[in-house]
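Coordinate analysis (summary)
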Amino acid sequence: MDAPHFYITTPIYYVNDRPHIGHAYTSVACDVLARFKRLSGYNVKFLTGTDEHGQKIEKAAMAAGLTPQAMADANSQHFRDMATLMNISNDDFIRTTEPRHKAGAQALWKKMEENGHIYLGSYSGWYAVRDEAYYQESELVNGKAPTGAEVEWVEESSYFFRLSAFQDKLLEHYKTNPDFIGPDSRRNEVISFVKGGLRDLSISRTTFSWGIPVPDAPKHIMYVWLDALANYLSALGYPDNTPDFKTFWPADVHMVGKDILRFHTVYWPAFLLAADLPCPEHIFAHGWWTIEREKISKSLGNAIPAKELVDTFGLDQTRWFLMREVPFGNDGNFSRERMVTVINSELANNIGNLVQRTLSMIHKNCGGMIPANDMLSSLFASPIDDLLDNYHASMNDNAFTNAAETIVTLASRYNSFIDAQAPWKLKKEAPEKMEAVLYILAEGIRKIAIMVQPFMPDSASKILDQLAVPADQRSFRHLSETFMLIPGTMLPPPQPVFPRFTEKTA
């Protein structure tokens, strides 16, 4: 029987700047979900990449004395480097300057045009270069875009997409697919926007040249959002009916920031419907991060590079904090003080302490081997079935904070168990019971490490290595199994996994 499939995407990141904590957050969230699905037996396709066209790139390149392609090449590499730095397990990295993407984007255009959904006209209205978005007069706030971006009046010949014809179809799609947009607050926001009325969308530009030419009209450049959104198809080989396309389309999850929700939940499904293609299953919009309560801003210069966090706190510690701190979908605040607290209380003092003292006692009192489990039936081991169910449900709902909380709770239960049983006292009083207690604890650590894998893969591997768990026994299929560890198995000397973080002083 073929494994179930799962296609997850990050938004493709715009190459006018370097990656920061916000980009890392989206990528890590997708990576956590992708790893969870792989460990659950799914055939996963995980896509990320960079968005490299548009007027903003052309202007930025000109200001820097570079060609747009040279700027795109340099900045795209920064996002590849971020993926490597953050241990992102993407299967593909798409660039909108690649030939495969150009072919896919132009094929999508042609299909929409053949179906009668594109026409030539002229555009006059407000356009924000920073957002690469059009705005109606009624949407402007103090003469600026709702995002605060400067707008300019644009008049030019343009091809239009008949977006207005899809208003009822979109509303019907939202109604019949209530999980299409998440979280619910974002769904309500989109429905309200669409009910307010849709106008046909300008989808080509003639006042600059950095982009994909419109098929059979090379003086026109495809609207950068139509170009960008097509990456989810072109990465699968569209328009060819490739094995990847047949297996993975429609996408299971497009993970996006809330600022680009409209493009993904209004324009994108309309484009797909116009091209006779099925819509993605889910589009989930997460919130924004602030830095010490201030919005991340180039003008403030407060963007934190992901590398700075990793170099200071550690890779897995950074991944854990990003997923643990804020309910996914909400806005969040980065605080150095809070990050130190989470690392020390949850990783060092809770999970790390449980692992270190258990394995140290096994090494010292059981000859460095998995202890015997002859007395297990007479001991109470912390039940975890309720926590396992909650963990799986939370991960499937993108509730990563809840899933992480489940792991912390489980570690706390085992720490309470070790304190109550006091195996250090049992060595002389009841050595067989001591071994059984330590076996239960080792089994608990095995389960915790398996659950930790999507969040902190390197640290989880170190824990499982110290328990001598074979590589083929680390999937979620083995999570609910009881007493997998084999007594008498020799273990390596224990090594700390989560050191306590202390501020360095000069």
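This is a predicted model, so every value here is computed, not measured.

It is worth spelling out the sheet that holds strand E5 (residues 118–128) at this point. Within the open sheet, the four strands sit side by side as E6-E5-E7-E9. Their pairing is antiparallel. Looking along the sheet, the strands with just one partner apiece sit at the ends: strand E6 (133–135) and strand E9 (201–202). Sheet topology places E5 next to E6; three bridges connect them, and they run antiparallel. Within the sheet, the bridge partner assigned to Trp 126 lies in E6 and is Tyr 135. Sheet strands in contact with helix H10 (residues 261–274) are E6, strand E7 (152–161) and E9, and its direction is about 30 degrees off that of E7.

Reading across from one edge, E10-E12-E11 is the order of the three strands in this open sheet, with antiparallel pairing throughout. Both edges of this open sheet fall to strand E10 (204–205) and strand E11 (213–214), since each of them pairs with a single strand only. Where E11 lies against strand E12 (residues 217–222), two bridges are found, and the strand directions are antiparallel. The residue bridging Val 214 from the neighbouring strand is Ala 217, located in E12.

Among all residues save glycine, negative phi is the norm, and among peptide bonds the norm is trans. Cis geometry is found at the peptide bond from Gly 182 to Pro 183, where omega equals -5 degrees. Position of Pro 183 among the secondary structure elements: in the loop between strand E8 (181–182) and helix H6 (184–195). That bond from Tyr 238 to Pro 239 is cis: its omega, 15 degrees, falls within 30 degrees of zero. One non-glycine residue with positive phi stands out, namely Glu 132, at about 50 degrees. In this fold, Glu 132 is placed in the loop between E5 and E6. In this structure Glu 132 comes out as buried when scored by relative accessible area, which is 3%. Look at Asp 216: it is not a glycine, yet its phi comes out positive at around 65 degrees. For Asp 216, the location among the structural elements is in the loop between E11 and E12. Residue Asp 216 is classed as exposed on the basis of its relative accessible area of 77%.

In this model, the largest pocket occupies a volume close to 1,800 Å³. As for the largest pocket, its lining consists of 50 residues, and the residues nearest its centre are Arg 130, Asp 131, Asp 259, Ile 260 and Trp 288. Contributions of two or more residues to the lining of the largest pocket are made by strand E2 (13–14), helix H1 (21–39), E6, H6, helix H7 (224–229), H10 and strand E15 (289–291). Broken down by element, the lining of the largest pocket gets its largest block of residues, five residues, from H10. Residues belonging to the lining of the largest pocket are distributed by class as follows: 22 nonpolar, 13 polar and 15 charged.

Turning our attention to H10. Residues that lie three or four places apart on an α-helix share one face, since the helix turns once every 3.6 residues. Its 14 residues place the ends of H10 19 Å apart at the C-alpha level, agreeing with the 20 Å of an ideal helix rising 1.5 Å per residue. Where H10 bends most, the angle comes to about 30 degrees, and this point is Tyr 267, followed within four residues by the proline Pro 269. For H10, every residue scored as buried is listed here: Leu 261, Phe 263, His 264, Thr 265, Val 266, Tyr 267, Trp 268, Pro 269, Ala 270, Phe 271, Leu 272 and Ala 274.

This part takes up the packing of helix H4 (residues 99–114) against H10. Remark: H4 packs on H10, axes separated minimally by 8 Å, with the N-to-C direction vectors making an angle of 65 degrees. Between H4 and H10, the crossing angle belongs to the class labelled roughly perpendicular. Counting all contacts with H4, which are made through Leu 108, Lys 111 and Met 112, the residues of H10 involved are Trp 268, Phe 271 and Ala 274. Of the residues contributing to the contact of H4 with H10, the split by class is five nonpolar, no polar and one charged.

This part covers the pattern of salt bridges. A complete count under the given rule lists 26 salt bridges for this structure. Glu 139 is the partner of Arg 262 in a salt bridge, and the nearest nitrogen-oxygen pair spans 3.0 Å. On the criterion of sequence distance, the pair formed by Arg 262 in helix H10 and Glu 139 in the loop between E6 and E7 is long-range, its members being 123 residues apart. Residue classification places Arg 262 among the partly exposed residues on the basis of a relative accessible area of 28%. Via salt bridges that share partners, Lys 45, Asp 92, Glu 98, Arg 100 and Asp 244 belong to a single interconnected network.

Turning our attention to the packing of aromatic side chains. In the structure shown here, the tally under the stated rule is 31 aromatic pairs. Where Phe 284 meets Phe 328, the ring centres are 5.5 Å apart and the plane angle is 10 degrees; that geometry is what we call stacked. Taken together, the residues Phe 284 in strand E14 (residues 282–286) and Phe 328 in the loop between helix H12 (315–324) and strand E17 (332–334) connect sequence positions 44 residues apart. Ring geometry for Phe 313 against Phe 501: centres 4.8 Å apart, planes inclined by 40 degrees, an arrangement best described as tilted. Taken together, the residues span a long stretch of sequence, with Phe 313 in helix H11 (residues 306–313) and Phe 501 in the segment after helix H18 (457–466) at a distance of 188 residues. For the pair shown, Phe 313 and Phe 501 are each scored as buried.

Enumeration according to the criterion identifies three cavities of 30 Å³ or more in this entry. In this structure, the largest cavity encloses a volume near 40 Å³. Contributing elements (two or more residues each) for the lining of the largest cavity: H7 and helix H8 (231–234). Taken together, the residues that form the lining of the largest cavity break down as seven nonpolar, two polar and one charged.

Residue placement: Ser 157 occurs in strand E7. Those residues in contact with Ser 157 that lie beyond four places of it in its chain are Leu 120, Gly 121, Ser 122, Thr 206 and His 220.

What follows concerns the side chain of Thr 96. The residue Thr 96 is located in the loop between strand E4 (92–95) and H4 in this model. A polar contact is formed between the side chain of Thr 96 and the backbone nitrogen of Glu 52, at a distance of 2.8 Å. The contact partners of Thr 96, leaving out residues within four places of it in the chain, are Ile 12, Thr 50, Asp 51, Glu 52, His 53, His 101, Ile 212, Asp 227 and Ala 228.

Positionally, His 117 belongs in the loop between H4 and E5. Setting aside residues no more than four positions away along its own chain, His 117 makes contact with Met 112, Phe 160, Phe 161, Arg 162, Phe 166 and Ala 274.

So, how was this worked out
- Residues numbered from 1 in each chain as written.
- Predicted model: local features only at pLDDT ≥ 70, side-chain atom pairs only at ≥ 80, totals over all residues.
- Heavy atoms only, no water.
- Pairing = 2+ DSSP bridges.
- Helix = DSSP H or I, 4+ residues; strand = E, 2+ residues; numbered from the N terminus.
- Contact = heavy atoms within 4.5 Å.
- Axes fitted to C-alpha atoms, helices over the stretch in contact; angles between N-to-C directions.
- Buried < 20%, exposed > 50% of the residue type's maximum accessible area, 1.4 Å probe, protein only.
- 1 Å grid on protein atoms, 1.4 Å probe; cavity = no way out; pocket = protein on both sides within 12 Å on 5 of 7 lines; lining within 4 Å.
- Points joined across faces, edges and corners; volume = space filled by probe spheres on them.
- Nonpolar A, V, L, I, M, F, W, Y, C, P; charged D, E, K, R; others polar.
- Expected span 1.5 Å × (residues − 1).
- Bend = angle between axes of the 7 residues up to and from the residue.
- Parallel < 35°, antiparallel > 145°, perpendicular 65-115°, else oblique.
- Salt bridge = Lys/Arg side-chain N within 4 Å of Asp/Glu carboxyl O.
- Phe/Tyr/Trp six-rings, centres within 6.5 Å; stacked < 30°, edge-to-face > 60°.
- Polar contact = N/O pair within 3.5 Å; in protein donor to acceptor, adjacent residues only side chain to side chain.

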